[in-house]
Amino acid sequence: MVAPREAADASVAHWVRMFLVSAASFAEQYEGIRSLGPVDIRGLLGSIQTPVLVLHRTGDRAADVGASRYMAERIPGARFVELPGDAHFPFFGDQDTVVELAQEFLTGARPAVDRDRVLATVLFTDIVDSTSRAAGLGDRRWHHLLVEHQEVVRRQLARYRGREVKTTGDGFLATFDGPARAIRAADAIRAGVRELGLEVRVGLHTGECELLGDDIGGIAVHIAARVLAQAGAGEICCSRTVKDLVAGSGFAFADRGTRSLKGVPDSWQLYAVEPAGR
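Quick caveat: nothing in here was measured; it's all calculated off a predicted structure.

Asker: Just to check I follow, could you spell out the packing of aromatic side chains for this structure?
Answerer: Aromatic ring pairs are reported here in terms of the distance separating the ring centres and the angle at which the planes meet. In total, this model carries eight aromatic pairs according to the counting rule given. On the numbers, 6.5 Å between centres and 75 degrees between planes, the contact of Phe19 with Phe89 is edge-to-face. Remark: Phe89 occurs in the loop between β2 (79–83) and α4 (95–107) and Phe19 occurs in helix α1 (residues 10–23); sequence separation between them is 70 residues. With relative accessibility at 37%, the residue Phe19 sits in the partly exposed group. Among the aromatic residues, those joined into a cluster by ring pairs are Trp15, Phe19, Phe89, Phe91 and Phe92. The ring of Tyr70 is capped by Arg74, whose NZ or CZ atom sits 3.6 Å from the centre of that ring. Positioned above the aromatic ring of Tyr271 is the side chain of Lys243, whose terminal nitrogen or guanidinium carbon lies 5.0 Å from the ring centre.

Asker: Just checking my understanding: could you explain the nonpolar core for this structure?
Answerer: Inside soluble globular proteins, nonpolar side chains tend to come together where they are buried. Among the nonpolar cores identified, the biggest contains 31 residues, and Leu123, Trp142, Phe176, Val202 and Leu204 are the most heavily contacted of them. Elements represented by at least two residues in this core include exactly β3 (117–127), α6 (139–159), β5 (172–176), α7 (179–194), β6 (200–212), β8 (236–239) and β10 (267–273). In contact with Trp142, other than residues within four places in its own chain, are Ile127, Ser130, Arg133, Ala134, Leu137, Asp170 and Leu198. Of all hydrophobic cores here, the second largest spans eleven residues; its members include Val165, Ile216, Val221 and Ala224.

Asker: Looking at this structure, I do not really get the environment of Glu210. What am I missing?
Answerer: Locating Glu210 in the fold gives a position in strand β6. Owing to a relative accessible area of 8%, Glu210 belongs among the buried residues under this scheme. Linking Glu210 and Val221, residues eleven residues apart in sequence, is a C-alpha distance of 9.0 Å. Of note is the side chain of Glu210, whose polar atom sits 3.3 Å from the side chain of Arg117.

Asker: Mind showing me how you'd approach the pattern of salt bridges here?
Answerer: Taken as a whole and assessed by the stated rule, the structure comprises 17 salt bridges. Here Asp177 and Arg161 are joined by a salt bridge, their closest N and O atoms 3.7 Å apart. With Asp177 in the loop between β5 and α7 and Arg161 in the loop between α6 and β4 (163–167), this residue pair connects regions lying 16 residues apart in the sequence. Here Asp177 matches Arg161 in class, with each residue exposed. Between Asp187 and Arg190 there is a salt bridge; the shortest N-O distance is 2.7 Å. Remark: Arg190 and Asp187 occur in helix α7; sequence separation between them is three residues, near one turn of the helix. Residue class for Asp187 comes out buried when judged on its relative accessible area of 17%. On the basis of relative accessibility, which here comes to 4%, the residue Arg190 falls in the buried class. Salt bridges sharing partners connect three or more residues here, namely Arg117, Glu208 and Glu210.

Calculation rules
Residues numbered from 1 in each chain as written. Predicted model: local features only at pLDDT ≥ 70, side-chain atom pairs only at ≥ 80, totals over all residues. Heavy atoms only, no water. Phe/Tyr/Trp six-rings, centres within 6.5 Å; stacked < 30°, edge-to-face > 60°. Helix = DSSP H or I, 4+ residues; strand = E, 2+ residues; numbered from the N terminus. Buried < 20%, exposed > 50% of the residue type's maximum accessible area, 1.4 Å probe, protein only. Lys NZ or Arg CZ within 6 Å of the ring centre and 35° of its normal. Core = buried A, V, L, I, M, F, W, Y, C linked by side-chain atoms within 4.5 Å. Contact = heavy atoms within 4.5 Å. Polar contact = N/O pair within 3.5 Å; in protein donor to acceptor, adjacent residues only side chain to side chain. Salt bridge = Lys/Arg side-chain N within 4 Å of Asp/Glu carboxyl O.

This is the structure:
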């Protein structure tokens, strides 16, 4: 709820648990939240005289962005910045932007940041109904099937010159230097895992990514993840950016309409890539 992107990372989950229990017991946490129920500060907002910066990520599940908009409108001179993303805590998600805005607010100047950025096509994959399949097969058989699935994906990433960034539970995050290769890899992955009795969904988007060591970040990655969430079973879903970039390459697309992507500004036209040969 407070860090959806990091939820699958066991080390992050362990850190959050330790953080919470080190701060207060579960009973104390509950009592602290319950005691806030009757508190209403709306009538005091207009009397605030100090400079105020209000930051809020649009897709925050723990706190409604409407509350921050409300406060910023009623605090004299407050500056409101709505950020993409769904992480509640500022130290998850796009931390650098939060720090830059805070530094600009405190010092009057935003720091000069020279981030390494690259234009890439981002690919997310996810096994369809993985939880129910795992429950039906049992741990040992599911693990064996998962390893076979990973071998299929890595074989196609190597074939189409994709770079594996990381595994994401039952899926992959990878990048390609061109959208056509990403589509061909996705189609090959889809066909390959079907031979194992599995279905995957795939999300694709092309944009500028921040290089964070071996990892990647930035709005392009968020968009690709949200496109994945819109894909149906066995579907390769992509943004219009990807479709437009491969115009004339012989790919066929089915219009999936305009969608609102959680935590991402604006509406996005999405398409499904038709299987090769159709």
